[in-house]
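Read off the chains here:
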Amino acid sequence: MSVWNDGGPGGSGGGQGGQTVPSAGGAGGAAGGGSVAVRGGTRDLATAQCISASSGGCAVDAVYLDCVESRCGTQLVDCYYSDGRSATVGGKCQAYAKCMLACPCDSGQNACQNKCLEDYGLSNASCSMCLATLYSCMNSNGCGLPTTCAS
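Residues numbered from 1 in each chain as written. Predicted model: local features only at pLDDT ≥ 70, side-chain atom pairs only at ≥ 80, totals over all residues. Heavy atoms only, no water.

Digging into unusual backbone geometry
Turning to step 1, where the next piece is worked out: The backbone of Ala-48 sits at a positive phi, close to 70°, despite the residue not being glycine.
Turning to step 2, where the next piece is worked out: Residue position: Ala-48 is located in the loop between strand E3 (41–44) and strand E4 (50–53). (Helix = DSSP H or I, 4+ residues; strand = E, 2+ residues; numbered from the N terminus.)

A look at the pattern of salt bridges
Turning to step 1, where the next piece is worked out: One pass over the structure, following the stated rule, counts three salt bridges.
Turning to step 2, where the next piece is worked out: One salt bridge connects Lys-115 with Asp-119, and the closest N-O pair in it is separated by 3.1 Å. In this pair, Lys-115 and Asp-119 are both assigned in helix H4 (residues 109–121), four residues apart and thus about one turn of the helix distant. (Salt bridge = Lys/Arg side-chain N within 4 Å of Asp/Glu carboxyl O.)

As for the nonpolar core
Turning to step 1, where the next piece is worked out: Tyr-64, Tyr-80, Cys-93, Tyr-96, Leu-101, Cys-116 and Met-138 are the most contacted members of the largest nonpolar core, which has 35 residues in total.
Turning to step 2, where the next piece is worked out: Put simply, the parts of the chain that give this core at least two residues each are strand E2 (34–38), E4, helix H1 (62–71), helix H2 (73–79), helix H3 (94–101), H4 and helix H5 (125–140).
Turning to step 3, where the next piece is worked out: When residues of this core are assigned to their parent elements, the largest contribution, six residues, is made by H5. (Core = buried A, V, L, I, M, F, W, Y, C linked by side-chain atoms within 4.5 Å. Buried < 20%, exposed > 50% of the residue type's maximum accessible area, 1.4 Å probe, protein only.)

Some details on the packing of H4 against H5
Turning to step 1, where the next piece is worked out: Running from amino to carboxyl end, H4 crosses H5 at an angle of 125°, the nearest separation of the two axes being 9 Å. Viewed along their axes, H4 and H5 adopt a mutual orientation that is oblique. In contact with Leu-117, Tyr-120 and Gly-121 of H4, H5 contributes Cys-127, Ser-128 and Leu-131.
Turning to step 2, where the next piece is worked out: When grouped by side-chain class, the residues that make up the contact of H4 with H5 number four nonpolar, two polar and no charged. (Axes fitted to C-alpha atoms, helices over the stretch in contact; angles between N-to-C directions. Parallel < 35°, antiparallel > 145°, perpendicular 65-115°, else oblique. Contact = heavy atoms within 4.5 Å. Nonpolar A, V, L, I, M, F, W, Y, C, P; charged D, E, K, R; others polar.)

Section: the confidence of the model for the protein chain
Turning to step 1, where the next piece is worked out: Mean pLDDT over the protein chain works out to 78, with 71% of the residues at or above the 70 mark.
Turning to step 2, where the next piece is worked out: Of all secondary-structure elements in the protein chain, the lowest mean pLDDT belongs to strand E1 (residues 20–22), at 35, while H5 reaches the highest, 96.
Turning to step 3, where the next piece is worked out: Here residues 5–32 scores under 50 on pLDDT; set against residues more than four positions off or in separate chains, the count is 89 contacts. (pLDDT = per-residue confidence, 0-100.)

What to know about the pairing of E4
Turning to step 1, where the next piece is worked out: The sheet contact formed by E3 and E4 spans three bridges and is antiparallel. The residue of E4 that forms the bridge with Arg-43 is Cys-50.
Turning to step 2, where the next piece is worked out: Where E3 hands over to E4, the hairpin turn is made up of five residues, of which Ala-48 adopts a positive phi near 70°. (Pairing = 2+ DSSP bridges.)

Thoughts on the state of the cysteines
Turning to step 1, where the next piece is worked out: This model, assessed by the stated rule, comprises seven disulfides.
Turning to step 2, where the next piece is worked out: Between the sulfur atoms of Cys-99 and its disulfide partner Cys-116 the distance amounts to 2.0 Å. Its S-S torsion of about -80° marks the bond between Cys-99 and Cys-116 as left-handed, since a negative value means left-handed. Of this pair, Cys-99 sits in helix H3 while Cys-116 sits in helix H4, and the two are 17 residues apart along the sequence. (Disulfide = S-S within 2.5 Å.)

Overview of H4
Turning to step 1, where the next piece is worked out: For H4, the full list of buried residues reads Gln-109, Asn-110, Cys-112, Gln-113, Cys-116, Leu-117 and Gly-121. Buried positions in H4, seen along its axis, are confined to an arc of 165° and lie on one side of it.
Turning to step 2, where the next piece is worked out: Here the buried face of H4 lies against E3, E4, H3 and H5. (Arc of directions from axis to C-beta.)

Considerations on the side chain of Gln-109
Turning to step 1, where the next piece is worked out: Of note, Gln-109 is situated in helix H4.
Turning to step 2, where the next piece is worked out: Its relative accessible area of 0% is what places Gln-109 among the buried residues.
Turning to step 3, where the next piece is worked out: At 2.7 Å, the side chain of Gln-109 and the backbone nitrogen of Cys-58 are in polar contact. (Polar contact = N/O pair within 3.5 Å; in protein donor to acceptor, adjacent residues only side chain to side chain.)

This is the structure in structure tokens:
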């Protein structure tokens, strides 16, 4: 499972990302505070997590985002960074993050996120190592996914 895989029920493949909108919630943090509209909700540009989700999807809360961005910001930026205003990303996991930002926040969320992880996260050694370091930081700092969103 991905560091950025917010869980919830699986479903059909993912949709395309939408326009950038100001963040309605979550912490400002390391990379900005913006969000991008996707099918079924919105994704945080700093972490690529769903911050709002429709039925069948799963959104993370501001406490989780704040923990990741404040305690593991260096690792997060190393793997993936955004300007906080657009879906422009960089870092060792650039392709993975772009894929995640295009995933829906509805019943297709898990299938899309898992495909992103398989195609871009695990297949790239540099990204895979970066995600492992980020995940380790999150675990050691108590930044686990909320149980309602963990799969």
